[in-house]
Amino acid sequence: MTVWHIILIASIAVLALKLVGFTVPAAWAEKPTAARLANLLTVSLLAALIVVQTFGSARGFDVDARLPAVAVAAVLFALRVPFILVIIAAALVAAGIRALT
């Protein structure tokens, strides 16, 4: 099975899941528990994606310039700095560390 087969199967599965979602009654989706679950699931999937992209590599677990950049971004987000400044600061930190190593 090639990568393209996997992508095609995943695309079909996502489309099927989306179509099944249209059959869910609106009353179920409007319940507070369902809304909270959807919000928490979105945040947890995004957090997992960030962790995989920050620490993952072809060799497994890898720590490089991305870790300090994400740490700087987290601190700046906690301080409620505007998003564009957070991105610029994290990029500068990563670039600076890569330039020094």
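Predicted, not measured: the structure shown is a model, and the values here were computed from it.

Side note on the overall build of the chain
Counting its secondary structure elements, the chain contains 5 helices and 2 strands. Helices and strands appear in the chain in the N-to-C order α-α-α-β-β-α-α. For 101 residues, the compact-globule estimate of 2.2 N^0.38 gives 13 Å, and the C-alpha radius of gyration of the chain, at 19 Å, exceeds that figure by more than 25%. Residue burial in the chain is summarised as follows: out of 101 residues, 10% are buried. When contacts within the chain are restricted to residue pairs at least 6 apart in sequence, long-range pairs at least 24 apart make up 27% of them. Of the accessible surface of the chain, which amounts to about 8300 Å², a share of 78% is contributed by carbon and sulfur atoms.

Observations concerning the pattern of salt bridges
Enumeration over the complete set of coordinates arrives at 1 salt bridge. Its salt-bridge partner being Asp64, residue Arg66 comes within 3.0 Å of it at the nearest N-O pair. Asp64 gets classed as partly exposed once you look at its relative accessible area, which sits at 28%.

Some words on unusual backbone geometry
Of note, Arg80 is a non-glycine position whose phi angle comes to about 60°, a positive value. Within the element layout of this structure, Arg80 appears in the loop between α4 (66–78) and α5 (83–100).

Things to note about a nonpolar patch on the surface
Together, Phe77, Phe83, Ile84, Leu85, Ile87, Ile88 and Leu92 make up a nonpolar patch on the protein surface, roughly 720 Å² of accessible area in all. A total of 6 residues in the nonpolar patch trace back to one element, the largest contributor, which is α5. Relative to the elements of secondary structure, Phe77 occurs in helix α4. We classify Phe77 as partly exposed; its relative accessible area is 43%.

Rules behind the numbers
- Residues numbered from 1 in each chain as written.
- Predicted model: local features only at pLDDT ≥ 70, side-chain atom pairs only at ≥ 80, totals over all residues.
- Heavy atoms only, no water.
- Helix = DSSP H or I, 4+ residues; strand = E, 2+ residues; numbered from the N terminus.
- Rg over C-alpha atoms; globule rule 2.2 N^0.38 Å.
- Buried < 20%, exposed > 50% of the residue type's maximum accessible area, 1.4 Å probe, protein only.
- Contact = heavy atoms within 4.5 Å.
- Areas by Shrake-Rupley, 256 points an atom, 1.4 Å probe, with all protein chains shown as cover.
- Salt bridge = Lys/Arg side-chain N within 4 Å of Asp/Glu carboxyl O.
- Patch = residues over 30% accessible without salt bridge, like charges linked within 9 Å, V, L, I, M, F, W, Y side chains within 5 Å.

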